[in-house]
Protein chains: 2
Amino acid sequence: MYNYWNSRTRGLSPYVPGEQPGDKKYIKLNTNENPYPPSPKVIEAIRNAAGERLRLYPDPTCQELREAIAQTYRVKPEQVFTGNGSDEVLAFVFAGFFGPDPAYPLLFPDITYSFYPVYGNLWNIPFRAVPVTEDFSINPKDYQTSSGGIIFPNPNAPTGKALPFQAIQEILICQEKQGRIVVIDEAYAAFGGESAVPHIMEHPNLLTIHTLSKSASLAGLRVGFAIGNEALIEGLCRIRDSFNSYTLDRLALAGAVAAVLDVSYYREINRKVIVTRERVTKALTQDLDFDVLPSEANFIFIRSSRQRGAELFAALREQGILVRHFNKPRTADFLRVSIGTDEEMDIFLNVLGKGAMKLTLKS
Amino acid sequence: MYNYWNSRTRGLSPYVPGEQPGDKKYIKLNTNENPYPPSPKVIEAIRNAAGERLRLYPDPTCQELREAIAQTYRVKPEQVFTGNGSDEVLAFVFAGFFGPDPAYPLLFPDITYSFYPVYGNLWNIPFRAVPVTEDFSINPKDYQTSSGGIIFPNPNAPTGKALPFQAIQEILICQEKQGRIVVIDEAYAAFGGESAVPHIMEHPNLLTIHTLSKSASLAGLRVGFAIGNEALIEGLCRIRDSFNSYTLDRLALAGAVAAVLDVSYYREINRKVIVTRERVTKALTQDLDFDVLPSEANFIFIRSSRQRGAELFAALREQGILVRHFNKPRTADFLRVSIGTDEEMDIFLNVLGKGAMKLTLKS
């Protein structure tokens, strides 16, 4: 049956995204979506773009969106690359800047976005997972070594822990001497942490990755982008234009422009997410005997002192709450919980309080 | 400046799409867009989908769209793969089914969709361009040989010439014996020609590629799909899920479902395109002394008996008409002209009549 697959296809271990339930019964705290709706300006822009002109190809250079991003992030449009979600941008980054010498593997943390090794396999890029410390931190010293490039999210996922730019700078300087790129995935930077974007002019080997999925409440629109030195952006364009000339449709372009420009709306909803995160962290730690890693993201990484991760995951699911469980040695006892609305998180805390007790009695 | 590019990036020769002018001054006959608007049901579906739920990820399996396609094409949803334009689907096809043995190169025509060699370079796939015949036909005998797989559009682009399924069947049988896949790109099949879709059950090595860009007037929405044996579809999913889990956004999914189901609207507008094509072909041949290849697509490939392709391309552009010129040895004297509305094509014919004379006098 599978004899038409080539060796690449046979060798892959595809990424498995968090569950997207078809019905609406669940409280969905499993894929780091923003609990608040997108800006009304985004909806309006999309409705205006939904018309006769859909018969025409979109602008393959995404000029208007790149200008909007440049304005909001105080960079030049030539320093911006846009794509069909940050996952696509990351796929192009792996294709364009890493590998192929096995003597110089790409480095990323052992506990991080689990798509990185998948991209590595797709593009045949040698890589090495560097263990995070006992307390789940990225140690900058571990990345000041010979490499084929560096990538990690800041804040990291699924831990939520962030590095100050100063620590990243040490890595950048060391890798620049070796001609290697350092990619900082800032998917969660809007919820705390320090963005590296203001430093792209000083570091030609710095590329930052961004998404509208989390901070702009637009996971359903599929828009991501990269900011960095012009030569890096041109490299990404070369890969994109060898893959699919038009990766962003007219509706996504229109919505994304409106989102990127409505800074004040998003600052406000993301501030609410941060306030809820801090409240939930406190309740879990003080009232429910959980370990909660200090998070600067829109999720928390938590461990119960009483129950295994898999057990708790299943119990929550039964109670109508979806969270994410990564069943690997170092993370098996943890759950990643996206920050929902205050109402959703109250239900979550309530279920945990009751459910934990019940399960403890059972076991 | 470019020292962070890896060897892949340095080695690429990216695809160059037809011009997308920012203003509206041109009569745009250069990228095979449909001159008629998308179905009103598509616009309505998109407007309904533009709401609060954009904060949530789309369905990564595209189940509803695959079911709609399955219904319209009389196949099973498991025989359908969807992607971000047929260009993305093709990129996954190259990644998943062709190469890597140089002794068995992928075969495609020398005059065909110019993205094929670009994909080949991106994924490091050995390929060989097989010359079309003197009259620009694909000769099925040329593809009944050892290969690493076969791909061509039917109707072919930019010639517009189609093969009957019987000819494709000979290729399929020969390649199946060698365990090779045959990919038929049916981007233009709605404008004539014979679709291979009804034969996917008989040929496990047959994959057909489709797009909503041309026949569904949705170039701006970026939706394409493949129909074939379940194992081929599963192979494409493996590549997709190692690249980007969510390639279709919620708006594109909603619009595409409505488009695929509104068969009668599209049959009607595409019939109009065919009627216009036949009228224009006749006028060019009989009144203006042009060679026009017999086309079953929504474009024609034409050659003036008086002017070089580059000259005519420039003259048309100056007169506000964009067409496509492929400046390669065998095609340099041709222009590919998309079929517009009757009004647009009358202007085109009128300009050609006058312009050709002027240029002849000048030279």
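Because the structure is predicted, anything quoted here is derived from the model rather than measured.

A. Representation of the overall build of chain A. Broken down by element type, chain A carries 11 helices and 12 strands. A globule of 363 residues ought to have a C-alpha radius of gyration of about 21 Å, and chain A, at 21 Å, matches this closely. Projecting the C-alpha coordinates of chain A onto the three principal axes gives extents of approximately 60 × 55 × 55 Å. Here chain A holds 363 residues, and 57% of them are scored as buried. For chain A, long-range pairs separated by at least 24 residues make up 74% of all intrachain contacts whose partners lie at least 6 apart in sequence.

B. Looking closely at the sheet that holds strand S10 (residues 299–304) of chain B. Residue and element names in this part refer to chain B. Strand order across the open sheet formed by three strands is S9-S10-S12, with antiparallel pairing between neighbours. Of all the strands in the sheet, just strand S9 (290–292) and strand S12 (334–338) have a single pairing partner and so form its edges. When strand polarity is set aside, the average angle formed by the axes of neighbouring strands in this sheet is 35°.

C. Representation of the relation of the copies chain B and chain A in the model. In the superposition of chain B on chain A (RMSD 0.0 Å, axial shift 0.0 Å), the rotation amounts to 180°. Here the symmetry operator amounts to a two-fold rotation axis. Rotation axis and chain B: the residue whose C-alpha lies nearest the axis is Arg47 of chain B, separated from it by 2.7 Å. Comparing contact sets, 100% of the residues at the interface of chain B also lie at the interface in chain A, consistent with an isologous, same-surface contact.

D. Molecular detail of the pairing of strand S2 (residues 80–83) of chain B. Residue and element names in this part refer to chain B. Here S2 shows no split at all, with Val80 and Thr82 on one side and Phe81 and Gly83 on the other all buried. Pairing between S2 and strand S8 (residues 224–228): four bridges, direction antiparallel. Within S8, the position partnered with Thr82 by the bridge is Phe225.

E. Seen up close, the packing of helix H3 (residues 63–73) of chain A against helix H8 (residues 250–261) of chain A. Residues and elements named next belong to chain A. Running from N to C, H3 and H8 cross one another at 10°; their axes reach a closest spacing of 9 Å. In terms of orientation, H3 lies roughly parallel with respect to H8. Here Glu64, Leu65, Ala68, Ile69 and Thr72 of H3 come into contact with H8, specifically with Leu253, Ala256, Val257, Val260 and Leu261. When grouped by side-chain class, the residues that make up the contact of H3 with H8 number eight nonpolar, one polar and one charged.

F. Focus on the sheet that holds strand S9 (residues 290–292) of chain A. All names here are of chain A. Spatial ordering of the open sheet is given by S9-S10-S12, a layout of three strands whose pairing is antiparallel. Edge positions in the sheet fall to S9 and strand S12 (334–338), since each of these pairs with one other strand and no more. Shown here is a sheet whose adjacent strand axes are inclined to one another by a mean of 35°, direction ignored. Bridging between strand S10 (residues 299–304) and S12 involves five bridges; their strand directions are antiparallel. Along S12, the bridge assignment pairs Phe299 with Ser338. Strands in contact with helix H9 (residues 263–287) are S9 and S10; relative to S9, the strand with the most contacts, it is inclined by about 145°.

G. Spotlight on the packing of helix H2 (residues 40–49) of chain A against H8 of chain A. Residues and elements named next belong to chain A. Between H2 and H8, the least distance of the axes is 8 Å, while the angle of their chain directions is 150°. With respect to their mutual orientation, H2 and H8 come out roughly antiparallel. For the element pair H2 and H8, the recorded crossing hand is right-handed. Where H2 abuts H8, its residues Lys41, Val42, Ala45, Ile46, Asn48 and Ala49 lie against Arg250, Leu251, Ala254, Gly255, Val257, Ala258 and Ala259. Along the lines of polarity and charge, the residues of the contact of H2 with H8 split into nine nonpolar, two polar and two charged.

H. Main features of the environment of Glu311 of chain B. When you line up the elements, Glu311 of chain B lands in helix H10 (residues 309–318). Taking the C-alpha atoms as reference points, Glu311 of chain B and Ile171 of chain B, separated by 140 residues in sequence, lie 39 Å from one another.

I. Representation of the confidence of the model for chain A in the model. Looking at chain A, pLDDT values average 95 and 96% of them are 70 or higher. Predicted complex metrics record ipTM = 0.95 and pTM = 0.96.

J. Main features of the nonpolar core. If you look at the biggest cluster of nonpolar residues, it comprises 239 residues, and the most contacted ones within it are Ala256 of chain A together with Ala256 of chain B. Every residue in contact with Ala256 of chain A, bar those within four places of it in the chain, is listed here: Leu65, Leu212, Leu221 and Val223 of chain A.

K. Broad picture of helix H6 (residues 165–177) of chain A. Residue and element names in this part refer to chain A. Compared with the 18 Å implied by 1.5 Å per residue over 13 residues, the 18 Å span of H6 between its first and last C-alpha is a close match. Taken together, the buried positions of H6 are occupied by Ile168, Ile171, Leu172 and Gln175. Buried residues of H6, seen end-on, are gathered within an arc of 105° and therefore sit on one face of the element. Exposed residues pointing more than 90 degrees away from the buried face of H6 are listed as Gln166 and Lys177. At the C-terminal side of H6, Gly179 shows a positive phi close to 70°.

L. Broad picture of the environment of Asn244 of chain B. Here Asn244 of chain B lies in the loop between helix H7 (230–240) and helix H8 (250–261). Remark: the alpha-carbon pair of Asn244 of chain B and Pro60 of chain B, spanning 184 residues in sequence, is separated by 9.4 Å.

Definitions and cut-offs
Residues numbered from 1 in each chain as written. Chains lettered and ligands numbered in written order. Predicted model: local features only at pLDDT ≥ 70, side-chain atom pairs only at ≥ 80, totals over all residues. Helix = DSSP H or I, 4+ residues; strand = E, 2+ residues; numbered from the N terminus. Rg over C-alpha atoms; globule rule 2.2 N^0.38 Å. Buried ≥ 20, exposed ≤ 12 C-beta atoms within 10 Å, placed from the backbone. Contact = placed C-beta atoms within 7 Å. Pairing = 2+ DSSP bridges. Axes fitted to C-alpha atoms, helices over the stretch in contact; angles between N-to-C directions. Least-squares fit on C-alpha atoms with pLDDT ≥ 70 in both. Parallel < 35°, antiparallel > 145°, perpendicular 65-115°, else oblique. Nonpolar A, V, L, I, M, F, W, Y, C, P; charged D, E, K, R; others polar. Left-handed = near helix turned anticlockwise from the far one by under 90°. pLDDT = per-residue confidence, 0-100. Core = buried A, V, L, I, M, F, W, Y, C linked by C-beta atoms within 7 Å. Expected span 1.5 Å × (residues − 1). Arc of directions from axis to C-beta.

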